Amino acid sequence: QVQLVEYGGGLVQTGGSLRLSCAASGGTYVMGWFRHAPGKERDFVAAISRDGGYMHYADSVKDRFTISRDNVKNTVYLQMSSLKPEDTAVYYCAAARDVVTVKPTLYHSWGQGTQVTVSA
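Residues numbered from 1 in each chain as written. Predicted model: local features only at pLDDT ≥ 70, side-chain atom pairs only at ≥ 80, totals over all residues. Heavy atoms only, no water.

Novice: I tried to follow the sheet that holds strand β3 (residues 18-25) on my own but got confused; where do I start?
Specialist: Consider a sheet: its strands pair through backbone hydrogen bonds, and that pairing is either parallel or antiparallel. Read from one edge to the other, the open sheet built from 4 strands follows the order β1-β3-β8-β7, with strand pairing classed as antiparallel. Strands at the two margins of the open sheet, each flanked by one partner only, are β1 (3-7) and β7 (65-70). In this sheet, neighbouring strand axes are inclined to one another by 15 degrees on average, regardless of whether the strands run parallel or antiparallel. The sheet contact formed by β1 and β3 spans 5 bridges and is antiparallel. Residue pairing across strands places Q3 opposite S25, the latter belonging to β3. (Pairing = 2+ DSSP bridges. Helix = DSSP H or I, 4+ residues; strand = E, 2+ residues; numbered from the N terminus. Axes fitted to C-alpha atoms, helices over the stretch in contact; angles between N-to-C directions.)

Dropping the structure here:
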(Lines give C-alpha, C1' and ligand atoms only; values in the text may rest on other atoms or scores of the structure.)
Protein backbone atom coordinates (compact mmCIF):
# COMPACT_ATOMS: atom_id res chain seq x y z
CA GLN A 1 0.00 0.00 0.00
CA VAL A 2 1.41 3.38 -0.99
CA GLN A 3 1.73 6.12 1.60
CA LEU A 4 1.09 9.69 0.45
CA VAL A 5 1.90 12.93 2.26
CA GLU A 6 1.03 16.36 0.86
CA TYR A 7 2.96 19.56 1.54
CA GLY A 8 2.77 23.17 0.52
CA GLY A 9 -0.71 24.44 1.16
CA GLY A 10 -1.34 27.85 2.65
CA LEU A 11 -2.92 31.25 2.27
CA VAL A 12 -2.30 33.27 -0.87
CA GLN A 13 -3.84 36.32 -2.49
CA THR A 14 -5.77 36.25 -5.72
CA GLY A 15 -3.36 36.02 -8.62
CA GLY A 16 -0.67 34.41 -6.53
CA SER A 17 1.04 31.05 -6.81
CA LEU A 18 1.61 27.97 -4.69
CA ARG A 19 3.33 24.67 -5.26
CA LEU A 20 1.96 21.54 -3.67
CA SER A 21 4.10 18.45 -3.22
CA CYS A 22 3.07 14.87 -2.62
CA ALA A 23 5.69 12.46 -1.35
CA ALA A 24 4.92 8.82 -2.15
CA SER A 25 6.35 5.60 -0.82
CA GLY A 26 5.64 2.06 -1.91
CA GLY A 27 5.89 2.15 -5.68
CA THR A 28 5.33 4.20 -8.81
CA TYR A 29 1.75 4.89 -9.74
CA VAL A 30 -0.45 7.10 -11.80
CA MET A 31 -0.89 10.15 -9.59
CA GLY A 32 -3.75 12.58 -9.37
CA TRP A 33 -4.72 15.72 -7.52
CA PHE A 34 -8.27 16.34 -6.34
CA ARG A 35 -9.82 19.12 -4.31
CA HIS A 36 -12.75 19.38 -1.96
CA ALA A 37 -14.35 22.69 -1.09
CA PRO A 38 -16.96 23.08 1.68
CA GLY A 39 -20.44 22.26 0.42
CA LYS A 40 -19.15 20.86 -2.85
CA GLU A 41 -18.22 17.46 -4.20
CA ARG A 42 -14.64 16.31 -4.50
CA ASP A 43 -13.37 17.48 -7.90
CA PHE A 44 -10.65 16.18 -10.16
CA VAL A 45 -7.84 18.69 -10.73
CA ALA A 46 -5.02 16.98 -12.62
CA ALA A 47 -3.34 13.62 -13.15
CA ILE A 48 -0.06 12.35 -14.55
CA SER A 49 1.07 9.03 -15.96
CA ARG A 50 3.71 6.85 -14.31
CA ASP A 51 6.49 8.07 -16.57
CA GLY A 52 5.33 11.68 -16.55
CA GLY A 53 4.73 11.68 -20.28
CA TYR A 54 0.99 12.29 -20.17
CA MET A 55 -0.95 14.82 -18.12
CA HIS A 56 -4.64 15.60 -17.96
CA TYR A 57 -6.29 18.65 -16.41
CA ALA A 58 -9.72 19.79 -15.42
CA ASP A 59 -10.94 22.61 -17.65
CA SER A 60 -11.16 24.92 -14.63
CA VAL A 61 -7.39 24.76 -14.02
CA LYS A 62 -6.02 24.25 -17.52
CA ASP A 63 -3.33 26.82 -18.40
CA ARG A 64 -3.03 27.82 -14.73
CA PHE A 65 -1.93 24.61 -13.00
CA THR A 66 0.89 22.26 -13.94
CA ILE A 67 1.33 18.72 -12.66
CA SER A 68 4.76 17.12 -12.75
CA ARG A 69 6.69 14.36 -11.05
CA ASP A 70 10.18 13.35 -10.06
CA ASN A 71 10.34 9.57 -9.88
CA VAL A 72 13.81 9.64 -8.31
CA LYS A 73 12.37 11.57 -5.38
CA ASN A 74 9.03 9.76 -5.59
CA THR A 75 7.31 13.13 -5.48
CA VAL A 76 4.49 14.66 -7.50
CA TYR A 77 4.00 18.40 -7.73
CA LEU A 78 1.12 20.70 -8.52
CA GLN A 79 2.26 24.18 -9.49
CA MET A 80 -0.68 26.54 -9.15
CA SER A 81 -0.60 30.00 -10.69
CA SER A 82 -3.11 32.81 -11.21
CA LEU A 83 -5.01 31.51 -8.23
CA LYS A 84 -8.63 32.51 -7.74
CA PRO A 85 -10.85 32.45 -4.65
CA GLU A 86 -12.77 29.56 -6.22
CA ASP A 87 -9.58 27.49 -6.02
CA THR A 88 -9.93 27.49 -2.22
CA ALA A 89 -10.24 23.88 -1.06
CA VAL A 90 -8.48 21.00 0.62
CA TYR A 91 -6.22 19.44 -1.99
CA TYR A 92 -5.54 15.71 -1.99
CA CYS A 93 -3.09 13.64 -3.94
CA ALA A 94 -4.02 10.10 -4.84
CA ALA A 95 -2.50 7.04 -6.50
CA ALA A 96 -4.04 4.81 -9.17
CA ARG A 97 -2.68 1.58 -10.60
CA ASP A 98 -3.43 1.74 -14.28
CA VAL A 99 -4.44 4.66 -16.45
CA VAL A 100 -4.76 8.39 -15.97
CA THR A 101 -8.36 8.92 -14.91
CA VAL A 102 -10.64 11.60 -13.49
CA LYS A 103 -12.66 9.06 -11.48
CA PRO A 104 -11.80 9.21 -7.76
CA THR A 105 -13.10 5.67 -7.26
CA LEU A 106 -10.20 4.35 -9.35
CA TYR A 107 -7.59 5.84 -7.00
CA HIS A 108 -6.71 3.37 -4.26
CA SER A 109 -4.59 5.50 -1.94
CA TRP A 110 -5.07 9.06 -0.70
CA GLY A 111 -3.07 11.59 1.26
CA GLN A 112 -4.39 13.47 4.25
CA GLY A 113 -4.97 16.68 2.32
CA THR A 114 -3.55 20.18 2.50
CA GLN A 115 -5.57 23.39 2.74
CA VAL A 116 -5.25 26.03 0.06
CA THR A 117 -6.98 29.34 0.73
CA VAL A 118 -7.07 32.12 -1.84
CA SER A 119 -8.13 35.48 -0.49
CA ALA A 120 -10.00 37.98 -2.63
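Novice: Looking at this model, I keep getting lost on empty space enclosed by the protein. Mind explaining?
Specialist: Over the atoms rolls a probe the size of a water molecule, and in doing so it shows where empty space is left. Scanning the entire structure with this criterion turns up 1 cavity of 30 Å³ or more. Counted as a void, the largest cavity has a volume near 60 Å³. A24, G27, T28, Y29, M31, R69, D70, N71, N74, T75 and V76 together form the lining of the largest cavity. Residues of the lining of the largest cavity, tallied by class, amount to 4 nonpolar, 5 polar and 2 charged. (1 Å grid on protein atoms, 1.4 Å probe; cavity = no way out; pocket = protein on both sides within 12 Å on 5 of 7 lines; lining within 4 Å. Points joined across faces, edges and corners; volume = space filled by probe spheres on them. Nonpolar A, V, L, I, M, F, W, Y, C, P; charged D, E, K, R; others polar.)

Novice: Looking at this model, I keep getting lost on the pairing of strand β9 (residues 89-96). Mind explaining?
Specialist: Taken residue by residue, a regular strand's side chains alternate between the two faces of the sheet. For β9, the tally of buried residues reaches 6 of 8 residues, placing the bulk of the element in the interior. Relative to β9, strand β4 (residues 30-36) runs antiparallel, the two being bridged by 7 bridges. Considered in β9, the bridge of F34 is made with Y92. The pairing of β9 with strand β11 (residues 114-119) spans 3 bridges and is antiparallel. Directly across from Y91, in β11, lies its bridge partner T114. Pairing between β9 and strand β10 (residues 107-110): 3 bridges, direction antiparallel. By the bridge assignment, A96 is partnered in β10 with Y107. (Buried < 20%, exposed > 50% of the residue type's maximum accessible area, 1.4 Å probe, protein only.)

Novice: Looking at this structure, how should I read the packing of aromatic side chains?
Specialist: Aromatic rings considered in pairs are described by the distance between their centres and by the relative angle of their planes. Counting across every chain of the model gives 4 aromatic pairs. Arranged with centres 5.6 Å apart and planes meeting at 75 degrees, the rings of F34 and F44 form a pair that is edge-to-face. Here F34, found in strand β4, pairs with F44, found in strand β5 (residues 42-48); they are 10 residues apart in sequence, far enough to count as distant. Across this residue pair, the class does not change: F34 and F44 are buried. Members of the aromatic cluster, each reached through a chain of ring pairs, are F34, F44, Y107 and W110. Stacked on the ring of W110, the Lys or Arg R42 has its end atom at 4.4 Å from the ring centre. (Phe/Tyr/Trp six-rings, centres within 6.5 Å; stacked < 30°, edge-to-face > 60°. Lys NZ or Arg CZ within 6 Å of the ring centre and 35° of its normal.)

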